[in-house]
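Residue-level structural notes
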Amino acid sequence: MLNYFDPREYRIDPNRDLGTPPALSETAVALTIDGVEIHVPDGTSVMRAAALAGITIPKLCASDNLEAFGSCRLCAVEIEGKRGYPASCTTPVSEGMAVHTQTGKLARLRRNIMELYISDHPLDCLTCPANGDCELQDMAGAVGLRDVRYGFDGANHLDAETDDSNPYFSFDPSKCIVCSRCVRACEEVQGTFALTIDGRGFDSTVAAGQDEDFMDSECVSCGACVQACPTSTLMEKSVIEVGVPEHSVVTTCAYCGVGCSFKAEMKGDQLVRMVPYKGGDANHGHSCVKGRFAFGYATHKDRIKEPMIRESIDQPWRAVSWENAIDFAAQRLKGIQAEHGRESIGGITSSRCTNEETYLVQKLVRAGFGNNNTDTCARVCHSPTGYGLKTTIGESAGTQTFDSVMQADTILVIGANPTDAHPVFASQMRRRLRQGANLIVADPRHIDLLDTAHGGEGLHLALKPGTNVALINALAHVVVSEGLEDTDFIARRCEPGAYNTWREFIQEEKNSPEALEAETGVPADKVRQAARLYASVGNGAIYYGLGVTEHSQGSTMVMGIANLAMATGNLGREGVGVNPLRGQNNVQGSCDMGSFPHELPGYQHVGDPAVRERFENLWHVKIDDEPGLRIPNMFDAAIAGHFRALYVQGEDIAQSDPNTQHVEQALTSLDCLIVQDIFLNETAKYAHVLLPGATFLEKNGTFTNAERRINRVRKVMAPIAGKEDWEVTQDLANALGYAMNYSHPSEIMDEIAQLTPTFTGVSYAKLDELGSIQWPCNAEHPDGTPTMHEVDFPIGKGHFAVTEYVATPERSNRRYPLLLTTGRILSQYNVGAQTRRTENSVWHSEDVLEIHPSDADLRGIRDGDWLGVSSRVGQTVLRCRISERMLPGVVYTTFHHPGSGANVITTDSSDWATNCPEYKVTAVQVEKVTQPSAWQKHFQSFDRRQHDYLEHSSDESNFAIK
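The paragraphs below set out a description of the structure included in this document. The structure presented is a predicted model; accordingly, all values stated were derived computationally and were not measured.

Moving on to the pairing of strand E15 (residues 345–349). In terms of burial, E15 is a largely internal element, five of the five residues being buried. Side chains Ile345, Gly347 and Thr349 project from E15 onto one buried face, and the interleaved Gly346 and Ile348 project onto a second face that is buried too. Pairing of E15 with strand E24 (residues 645–649), which is carried by four bridges, proceeds in the parallel orientation. Looking at E24, one finds that Gly346 is bridged to Leu646. Bridging between E15 and strand E16 (residues 374–376) involves three bridges; their strand directions are parallel. Bridged to Gly347 within E16 is Thr374. Handedness of the β-α-β unit built from E15, helix H9 (residues 355–369) and E16 comes out right-handed.

Following this line, the structure appears as structure tokens:
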């Protein structure tokens, strides 16, 4: 007897398609299928039960990530005591049921069905791009179809024109069998509803939008339809060009913080396509346009393929061997320290690199450089998350799994745009909204999540930029003043003294929605409605992004969010929680690995002697007990002449950090800038040493996503320059005289586990066994911790922090009457270095300035005009896009193209606790102009010169290290 009543049924090979989704019932049902007795959860389909028993039933319209549809009829079975031939995909099991899947009558029925399908399908299998990877072809063989009685003389669809408008896949309707899998995938998996079945009967066809080309429709190119298609109707152009892949490697996407698992499908050493992996616990077989299709940058002609060095940034590059480049860098660093002191150099880790690589960089700084001058790009995005959550609940990470959202009754999204920045999780969130969950969005801009099809009407709190803390205080005020607190949770789980102090503060009239309405711009009745919805309608979950952290009161706001969750008891179980949505693939991991100047791996303070002793014993070196320089301090110290050298791995601070001209001045002031990256990015143009980086496809390691999930990154192809990033860091350490002797990243993870309490149970062997692990993973939680804080907090009792609202100094005035806020767009990623080198640029070829119609009318601005955008630190020029997404008085842009100069105008105003820049509030003025800004003209000439230096680089035969 086979028993599949175990809820861990997903341990079955995820590559198998079981036909229909799993049932979650706790009641077991026993039945026999072809004489095999099996126990499955009540509600399981006959098709899935058969698949679990190892019995294959032919199917075309069914897939286990879609609800059963029952249109193809190929999966018909015989059930004792029932008339006819029911579809096994839509028929649930019942106690004592006896099913037969292989009889003479069924065989004839299935062949007749297949014969009808083939009668309107091109018989070009030998030249079809799906040959060998076609479900229709497979099913024809499975049912024994050997002859087709119907010719093509009558009406057919064989002359239908192919739609090649999408850069990544084609749509050939002549091969469509109208199974509706693509339509259902678009609805159920992605939630875009871009595809429909147009017409009825024989005239039924799949249509995008209002019978448009795919590129003109609402399709977001997530690839769900392509993946669902059982024929070559929807097919990747890479497969059409190269052929069907031969083998695959499971790895983790290197774009956003969702951490999707993919099968990198190869033909020889050539990557043909990335297919979302069904066994991925973060994405469950779904993807977005970036992870699914935008991998071409890995083999782009712009890749840096050999090490480069030069004496100054006004000289051409010299291509040298790895040995010479590392020796040159090491001699420069040692010479600078000998002349200017131990503190005169530092390093910046990357949130795009693996945990192991990030760990090595901070180890190099602390042990090899002898100081704590290490920081990471998380400084400019999520450092307030660390400070705020550590202060209130004791751990600087999200509390839930992504799957937890499926049990949320009210979803509060603050300062985040999931459909653009975290699209795969956004699809899951939309699925929950369609099931009836409430949505509250606090954002100055109208985001697409508010337009979720069939998801009900969301509540939009369109607050003024910079007033987050005022809003969160007003929400908490309603909770307390209207008796919506969870007094039992507070009594059991929170510090009474801190709570009483906070409660007294939050009840003050100055924190009421009415008192703060003029400040936030949000009507008081809307605030009260939102507070009641979050506090009293079942499980309340909070998801937030950079619209929370990138403010002068970012840390205060994070504490305010935690206060609200604790006050309402929305922590410690499924469906609730405080969840920061990390922007890049390994922001969480870069923080975990000790990238901040005051913390060793695992958020252990460098000032703690016991902590330092453990690291010193393993590293065999003394560690400085004083925190080092943060990134903004490094810049200031470089300009002042105290900080002289910097090692940057995988970050583009010249484009991503605020006040670009200040950053450029700092980089120009350095005696030695070492950049390790895959392209000549904006920072590398100021470098003296350029070390080739490796993409995620060329390395082994791990990433940690926004839900604390550690996923394996597996090498798909050999590094184009010969080394993985961790090997380069190791070589530099050895050249500096500090020995590192790892032979594989798994050994680095073993060392991390020795030193980091939340990682003690993590190893590559366990990751391969479990698929992924959410830390903490230790003796107490041997298989990881999906939900945090179920019993208590790491600090014992939750700590309510007083969150006094302090208005940002960056306020609009007569000279700068508009407020600029920034964000991301679906097709591009961060600074765009990767996605701009793919076909994703067809969706976003330039950064534009969105401006409200009333503000445009006031200035005589029309759509498409060039606009000069001036702030108190700089000016740039962007093309105008008139939009009603923002409030009047607010303008918006993205920062994916370096020439747009978005960060030329953002200031160095920052969070009071962490120096996280206030990207989201910049006072600006806009006016029509006819030429680029002075900075843009300088950028263009400097860019041309630096690329010319690279193009005309010489080899090492003409160079001797001095």
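There is more to say after this.
We now examine the side chain of His789. Of note, His789 is situated in the loop between strand E29 (772–774) and strand E30 (818–823). Dropping the residues within four chain positions of it, His789 is found in contact with Ile393, Glu395, Thr399, Arg493, Gly572 and Pro794.

What follows deals with the packing of helix H22 (residues 631–640) against helix H24 (residues 660–669). Helix-helix packing is described using two parameters, namely the angle between the two axes and the distance between the axes. The N-to-C vectors of H22 and H24 enclose an angle of 55 degrees; their axes lie 8 Å apart at closest approach. Here H22 is positioned oblique relative to H24, judged by the angle of their axes. The way H22 lies across H24 gives a crossing that is left-handed. Contacts from Phe635, Asp636, Ala638 and Ile639 of H22 reach H24 at His662, Val663, Gln665, Ala666 and Ser669. For the contact of H22 with H24, a count of residues per class yields five nonpolar, three polar and one charged.

Following the criterion strictly, the structure yields 18 aromatic pairs and no others. On the numbers, 6.4 Å between centres and 35 degrees between planes, the contact of Tyr499 with Trp502 is tilted. Of the two residues, Tyr499 and Trp502 both sit in helix H15 (residues 496–506), three residues apart, roughly one turn of that helix. Across this residue pair, the class does not change: Tyr499 and Trp502 are buried. Across the ring face of Tyr892, the terminal group of Arg445 is positioned such that the distance to the ring centre comes to 3.8 Å. Positioned above the aromatic ring of Phe679, the side-chain terminus of Arg837 is 3.9 Å from the ring centre.

Another aspect to go through is the sheet that holds strand E18 (residues 438–442). One open sheet holds the five strands; their spatial order is E19-E18-E17-E20-E21, and the pairing between them is parallel. Two strands lie at the open edges of the sheet, namely strand E19 (459–461) and strand E21 (578–580), each paired on one side alone. The average angle at which neighbouring strand axes cross in this sheet is 15 degrees, direction not considered. Where strand E17 (residues 410–414) lies against strand E20 (residues 540–544), five bridges are found, and the strand directions are parallel. Paired with Thr410 across the strands is Gly540, a residue of E20. This element, helix H12 (residues 423–434), spans E17, E18 and E20 of the sheet and lies at about 140 degrees to E17.

A word on a positive patch on the surface. On the surface, Lys105, Arg108, Arg111 and Arg146 cluster together into a positively charged patch. By the element assignment, Arg146 lies in the loop between helix H3 (135–142) and strand E6 (169–171).

Taken together, the side chains of Asp198, Asp211, Glu212, Asp213, Asp216 and Glu218 define an acidic patch exposed on the protein surface. By the element assignment, Asp213 lies in the loop between strand E8 (205–208) and helix H5 (224–228). Judged by relative accessible area, which is 39%, Asp213 ranks as partly exposed.

Following the criterion strictly, the structure yields 45 salt bridges and no others. Between Asp943 and Lys685 there is a salt bridge, with the nearest N and O atoms lying 2.3 Å from each other. Pair noted here: Asp943 is in helix H30 (residues 934–951) and Lys685 is in the loop between strand E25 (672–677) and strand E26 (689–692), with a separation of 258 residues, a long-range link. Of the two residues, Asp943 and Lys685, both sit in the buried class. The network of salt bridges with shared partners includes Asp133, Glu236, Lys263, Glu265, Arg273 and Arg292.

Alternating residues of strand E27 (residues 701–704) divide into Gly701 and Phe703 and Thr702 and Thr704, and every residue in both groups is buried. As paired elements, E27 and strand E28 (residues 709–713) share four bridges and run antiparallel to each other. By the bridge assignment, Thr704 is partnered in E28 with Ile710. In this structure, the hairpin formed by E27 and E28 is closed by a connection of four residues, where Arg708 is found at a positive phi of approximately 65 degrees.

What follows concerns helix H4 (residues 181–190). Taking burial as the measure, the ten residues of H4 include eight buried ones, the bulk of the element. Residues of H4 that are buried: Arg181, Cys182, Val183, Arg184, Ala185, Cys186, Val189 and Gln190. Where the residues of H4 are buried, they touch H3, strand E7 (195–198), E8, H5, strand E9 (234–236) and H12. Gly191, located one to two residues past H4, shows a positive phi value of around 85 degrees.

Bringing the side chain of Gln676 into the picture now. Note on placement: Gln676 falls in strand E25. Within the structure, the side chain of Gln676 is placed 3.0 Å from the side chain of Asp725, a separation counted as a polar contact.

Across the junction of Trp775 and Pro776, the peptide omega takes the value 5 degrees, indicating a cis bond. With respect to the secondary-structure elements, Pro776 resides in the loop between E29 and E30. With a phi close to 55 degrees, Asn659 is a non-glycine residue in the positive phi region. Residue position: Asn659 is located in the loop between helix H23 (653–656) and H24. With a relative accessible area of 8%, Asn659 lands in the buried category.

Scanning the model with the defined rule gives zero disulfides in all. Free of any disulfide, Cys176 has its nearest neighbouring cysteine sulfur in Cys182, separated by 6.1 Å. Cys256 takes part in no disulfide bond, and the closest cysteine sulfur, belonging to Cys260, lies 6.1 Å away.

This brings us to the nonpolar core. Judged by nonpolar contacts, the single largest core of 69 residues is most densely connected at Phe214, Leu234 and Ile411. Looking at this core, the element that brings in the most residues is H12, giving four residues. Setting aside chain neighbours within four positions, we find Ile411 in contact with Val405, Met429, Arg432, Leu433, Ala437, Asn438, Leu439, Ile440, Ala541 and Tyr543. Core analysis: the second largest hydrophobic core is formed by 62 residues, Ala397, Phe596, Cys672 and Ile748 among them.

With 15 residues, H9 should cover 21 Å at 1.5 Å per step; its first-to-last C-alpha distance of 20 Å lies within 8% of that length. Roughly 25 degrees is the biggest bend found in H9, and it falls at Lys363. The buried fraction of H9 is high, at 14 of 15 residues. Of the residues one or two after H9, Gly370 is the one with positive phi, at around 80 degrees.

The strands making up a sheet associate through backbone hydrogen bonding, with each pair oriented either parallel or antiparallel. On the basis of which strands lie adjacent, the open sheet formed by eight strands has the order E16-E15-E24-E25-E26-E13-E14-E36 and mixed pairing. The sheet is open, and its two borders are formed by E16 and strand E36 (954–955), each paired with just one other strand. Pairing geometry for E24 and E25, over five bridges, is parallel. When the bridges of E25 are listed, Leu646 appears paired with Leu673.

With that settled, the discussion passes to the environment of Thr127. Mapped onto the fold, Thr127 is located in the loop between helix H2 (104–118) and H3. Taking the C-alpha atoms as reference, Thr127 lies 41 Å from Cys353; in sequence the two are 226 residues apart.

Calculation criteria
- Residues numbered from 1 in each chain as written.
- Predicted model: local features only at pLDDT ≥ 70, side-chain atom pairs only at ≥ 80, totals over all residues.
- Heavy atoms only, no water.
- Buried < 20%, exposed > 50% of the residue type's maximum accessible area, 1.4 Å probe, protein only.
- Helix = DSSP H or I, 4+ residues; strand = E, 2+ residues; numbered from the N terminus.
- Pairing = 2+ DSSP bridges.
- Right-handed = clockwise from strand over helix to strand, strands pointing away.
- Contact = heavy atoms within 4.5 Å.
- Axes fitted to C-alpha atoms, helices over the stretch in contact; angles between N-to-C directions.
- Parallel < 35°, antiparallel > 145°, perpendicular 65-115°, else oblique.
- Left-handed = near helix turned anticlockwise from the far one by under 90°.
- Nonpolar A, V, L, I, M, F, W, Y, C, P; charged D, E, K, R; others polar.
- Phe/Tyr/Trp six-rings, centres within 6.5 Å; stacked < 30°, edge-to-face > 60°.
- Lys NZ or Arg CZ within 6 Å of the ring centre and 35° of its normal.
- Patch = residues over 30% accessible without salt bridge, like charges linked within 9 Å, V, L, I, M, F, W, Y side chains within 5 Å.
- Areas by Shrake-Rupley, 256 points an atom, 1.4 Å probe, with all protein chains shown as cover.
- Salt bridge = Lys/Arg side-chain N within 4 Å of Asp/Glu carboxyl O.
- Lys, Arg positive; Asp, Glu negative; His and termini not counted.
- Charge placed at Lys NZ, Arg CZ, Asp CG, Glu CD.
- Polar contact = N/O pair within 3.5 Å; in protein donor to acceptor, adjacent residues only side chain to side chain.
- Disulfide = S-S within 2.5 Å.
- Core = buried A, V, L, I, M, F, W, Y, C linked by side-chain atoms within 4.5 Å.
- Expected span 1.5 Å × (residues − 1).
- Bend = angle between axes of the 7 residues up to and from the residue.

Geometry only, nothing functional implied.
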